[in-house]
Each structure stands twice: as C-alpha cells, then as structure tokens.
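What follows is the residue order along each chain.
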Amino acid sequence: MKYTEEHEWLRAEGDVYVVGITEHATTQLGDLVFVELPEVGATVGKDDEIVVIESVKAASDIMAPVDGEITEVNTALADDPSLANSDALGAGWFFKIKPSDPSQLDALMDEAAYTAMIG
C-alpha cells in the first residue's frame, strides 16, 4: 500500500488503485456523516479536490493522489458514511482511480514512512 501526507491510502488492484482515508484520519475527524463522491469517468489531476466529507467535527476535502480517471466509486459510502470509520481500510474505500502517470506513485509513502510521519 501507498500513503499520502493527507492521510489517504492507495491499494493496487491491477492497473487501478483503490483509495480511502486512513484510520488515523478517521480518528482525527470523528464520525463521518456525509460523503460526496466524484463522478465515474471523471478525469482528475493530482491534488484536485474530488471528495467532500463532513464529520461531527469538520468538513474536509479529499484530494486526488495522482492524475487519472475515476473508474468506480463506493456508493455504499454515500448511503452509510460511517463505513469509513468502522472499516477504513476495507469497506470504507472512497473511489478507484486509473493513474495516467503511474510514476507519480513513486512519490508516495510506504507504510513505515507513513507510520513515522503520524508518530
């Protein structure tokens, strides 16, 4: 898995990456109460704001971790945002993206680097 400084995780599934937020992020945000997902087929640029989440503590944006195309969104999350809290690394994923420049993934952190960052 790969991680961003914005507390997102990416897991490879062939040439597509599943993206969500880390357990650390959900702990900091508190219970999620609303999620607005991107459109399937949308072409996004790295650091574009593509997901809006609202929790009991704050509203936040999730950025695209790489340039690419959104291939799927987790519609279950729109119906039950708390999935991101209860299963951040599993059923609580947000979207899948097919990177247009896979070399951008090289700049992301591995688990050890992410763990060191959150200390």
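Reading the values: the criteria
- Residues numbered from 1 in each chain as written.
- Predicted model: local features only at pLDDT ≥ 70, side-chain atom pairs only at ≥ 80, totals over all residues.
- Heavy atoms only, no water.
- Salt bridge = Lys/Arg side-chain N within 4 Å of Asp/Glu carboxyl O.
- Helix = DSSP H or I, 4+ residues; strand = E, 2+ residues; numbered from the N terminus.
- Buried < 20%, exposed > 50% of the residue type's maximum accessible area, 1.4 Å probe, protein only.
- Phe/Tyr/Trp six-rings, centres within 6.5 Å; stacked < 30°, edge-to-face > 60°.
- Lys NZ or Arg CZ within 6 Å of the ring centre and 35° of its normal.
- Pairing = 2+ DSSP bridges.

**Student:** Before we go on, may I ask you to explain the pattern of salt bridges in this structure?
**Tutor:** Oppositely charged side chains are able to pair whenever their charged atoms sit close together. Inspection of the entire model under this criterion finds four salt bridges. The partner of Asp15 in a salt bridge is Lys98, with the nearest N and O atoms 3.4 Å apart. Highlighted residues: Asp15 in the loop between strand S2 (8-13) and strand S3 (16-21) and Lys98 in strand S9 (residues 95-99), separated in sequence by 83 residues. The residue Lys96 makes a salt bridge to Glu72 at a minimum N-O spacing of 3.4 Å. Placement of Lys96 in strand S9 and of Glu72 in strand S8 (residues 68-73) is noted, with a sequence separation of 24 residues between them. Glu72 gets classed as partly exposed once you look at its relative accessible area, which sits at 35%.

**Student:** Would you explain the packing of aromatic side chains in this entry?
**Tutor:** What describes a pair of aromatic rings is the distance from one ring centre to the other and the angle between the planes of the rings. Evaluated as defined, the whole model comprises one aromatic pair. Here Tyr3 and Tyr114 contribute two aromatic rings whose centre-to-centre distance is 4.8 Å and whose plane-to-plane angle is 15°, an arrangement assigned as stacked. Of the two residues, Tyr3 sits in strand S1 (residues 2-3) while Tyr114 sits in helix H4 (residues 111-118), which places them 111 residues apart along the sequence. A cation over an aromatic ring shows up here: Lys96 above the ring of Trp93, its NZ or CZ 5.2 Å from the ring centre.

**Student:** Help me understand the pairing of S3, please; the structure alone is not making it clear to me.
**Tutor:** Where a strand is regular, its side chains alternate between the two sheet faces. Among the six residues that make up S3, six are buried, leaving the element largely enclosed by the rest of the structure. Because side chains alternate across S3, one face comprises the buried residues Val16, Val18 and Gly20, and the other comprises Tyr17, Val19 and Ile21, equally buried. As defined by bridge partners, S2 adjoins S3 across six bridges and the pair is classed as antiparallel. Across the sheet, residue Trp9 finds its bridge partner in S3, namely Gly20. Two successive antiparallel strands, S2 and S3, enclose a turn made up of two residues, where Gly14 displays a positive phi of approximately 70°. Of the strand pairs in this sheet, S3 and S9 are connected by three bridges, and their pairing is antiparallel.

Geometric descriptors of this kind do not, in isolation, establish any biological role.
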